[in-house]
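Read off the chains here:
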Amino acid sequence: MRLLIMGAPGAGKGTQAVGIAAHYGVPAISTGDIFRSNVKNGTPLGKQVDAIMKAGNYVPDELTEQIVADRLDHPDAGAGFLLDGFPRTMHQVDALDDYLDKHGKALDAVICLDVEPEDLIARLIKRAEIEKRPDDNEETIRHRMDVYLESTRPLLDAYEGRGLLVKVDGNGSVEEVSTRIAAAVDSAVGH
Ligand code: B4P
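A quick note: this is a predicted structure, and the numbers were derived from the prediction, not measured.

J.: Help me understand the site of the ligand, please; the structure alone is not making it clear to me.
T.: As a matter of local geometry, the ligand sits amid 28 residues, with Gly-12, Thr-31, Arg-36, Asn-57 and Arg-144 nearest to it. Arg-123 is positioned such that a nitrogen or oxygen atom in its side chain is 3.4 Å from a nitrogen atom of the ligand. The separation between an oxygen atom of the ligand and a polar side-chain atom of Arg-144 is 2.6 Å. Across the complex, the protein chains shield 88% of the 1,000 Å² of accessible surface that the ligand would expose by itself. Elements that contribute at least two residues to the shell around the ligand include exactly helix H1 (13-24), helix H2 (31-40) and helix H6 (117-131).

J.: Even after reading the chapter, I still don't get H2, so can you show me in this structure?
T.: Each α-helix winds once per 3.6 residues, and so residues spaced three or four apart point in a common direction. Listed in full, the buried residues belonging to H2 are Thr-31, Gly-32, Phe-35 and Asn-38. The arc that holds every buried residue of H2, seen down its axis, measures 130°, which confines them to one face. Close packing links the buried residues of H2 with strand S2 (28-30), helix H3 (44-54), helix H4 (61-72) and strand S3 (81-84). Just downstream of H2 lies Gly-42, where phi reads positive at about 65°.

J.: Explain the packing of H1 against helix H8 (residues 174-189) here, please?
T.: For any two helices packed against each other, one specifies the inter-axial angle together with the distance between the axes. It is the contact of H1 with H8, at a shortest axis distance of 10 Å, that shows an interaxial angle of 45°. Compared by their axis directions, H1 and H8 come out oblique. Taken as a pair, H1 and H8 cross one another with a handedness that is right-handed. Between H1 and H8, the residues in contact are Thr-15, Gln-16, Ile-20, His-23 and Tyr-24 and Val-174, Val-177, Ser-178, Ile-181, Ala-182, Val-185 and Asp-186, respectively. Considering only residue class, the contact of H1 with H8 consists of 7 nonpolar, 4 polar and 1 charged.

J.: Looking at this model, I keep getting lost on the sheet that holds S2. Mind explaining?
T.: Sheet strands associate in pairs through backbone hydrogen bonding, adopting either a parallel or an antiparallel arrangement. In space, the 5 strands of this open sheet follow the order S2-S3-S1-S4-S5, with parallel pairing throughout. Edge positions in the open sheet fall to S2 and strand S5 (165-169), since each of these has one partner strand only. Mean inter-strand twist for the sheet, computed between neighbouring axes without regard to direction, equals 20°. The sheet contact formed by S2 and S3 spans 3 bridges and is parallel. Bridge assignment links Ser-30 to a residue of S3, and that residue is Asp-84.

J.: How should I be thinking about the environment of Asp-186 in this particular structure?
T.: Locating Asp-186 in the fold gives a position in helix H8. For Asp-186, a relative accessible area of 22% translates into the label partly exposed. Taking the C-alpha atoms as reference points, Asp-186 and Arg-142, 44 residues apart in sequence, are found 34 Å from one another.

Quick notes on the rules
Residues numbered from 1 in each chain as written. Predicted model: local features only at pLDDT ≥ 70, side-chain atom pairs only at ≥ 80, totals over all residues. Heavy atoms only, no water. Near = heavy atom within 4 Å. Polar contact = N/O pair within 3.5 Å; in protein donor to acceptor, adjacent residues only side chain to side chain. Areas by Shrake-Rupley, 256 points an atom, 1.4 Å probe, with all protein chains shown as cover. Helix = DSSP H or I, 4+ residues; strand = E, 2+ residues; numbered from the N terminus. Buried < 20%, exposed > 50% of the residue type's maximum accessible area, 1.4 Å probe, protein only. Arc of directions from axis to C-beta. Contact = heavy atoms within 4.5 Å. Axes fitted to C-alpha atoms, helices over the stretch in contact; angles between N-to-C directions. Parallel < 35°, antiparallel > 145°, perpendicular 65-115°, else oblique. Left-handed = near helix turned anticlockwise from the far one by under 90°. Nonpolar A, V, L, I, M, F, W, Y, C, P; charged D, E, K, R; others polar. Pairing = 2+ DSSP bridges.

Note that every value here comes from positions in space, so none of it alone points to a role or purpose.
Structure (structure tokens):
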């Protein structure tokens, strides 16, 4: 199973990715988590992306694409994966297509979590209080929403045009949303 999970910041991508990946027996690969762990460990990559992430901007495409390609080359991703937070730009969509074509593989479905914009902001402000992520202050959250709407939202239309988009209502409890995602993906891929 080769899946993407998409949605605005706070839609529940990272929250749902782990459970959904476990459900299908594939690794969950989050570009945001990869970058955050590099920042935390002070690696050269972490130093390169720290200020970009704090400002709520996207890490450059080529860099992100190389990291994802390297991760997808790991044996555990050979039989499938769930990508969380990638692709985020049309350039990244093209890079993923090239990677998959080269390996004779294709996506099975693109999950899109749909949540009301004001609920998204409320969730992230709540997370800011708990996790103190440096990109979770209100000004940066609103900027991330704008970047999402401009650069990433249009990708949904592209995947819908390919018949891959599986829209899921992201409102409700984490468990309710998980159940909805699994049911929607199963019915979309004919399981
Ligand atoms: P991400 O890590 O992807 O950050 P995010 O968009 O905030 O999503 P996240 O997965 O963390 O949050 P979630 O919706 O699960 O990216 C961070 C940064 O990394 C980007 O801004 C960018 O700088 C960089 N980056 C990452 N990928 C990149 C790429 N491909 N290209 C370039 N740059 C890239 O959940 C948020 C909160 O909602 C949580 O607190 C959760 O508890 C809560 N929540 C979830 N589901 C809920 C529910 N059903 N009800 C109530 N609360 C819920």
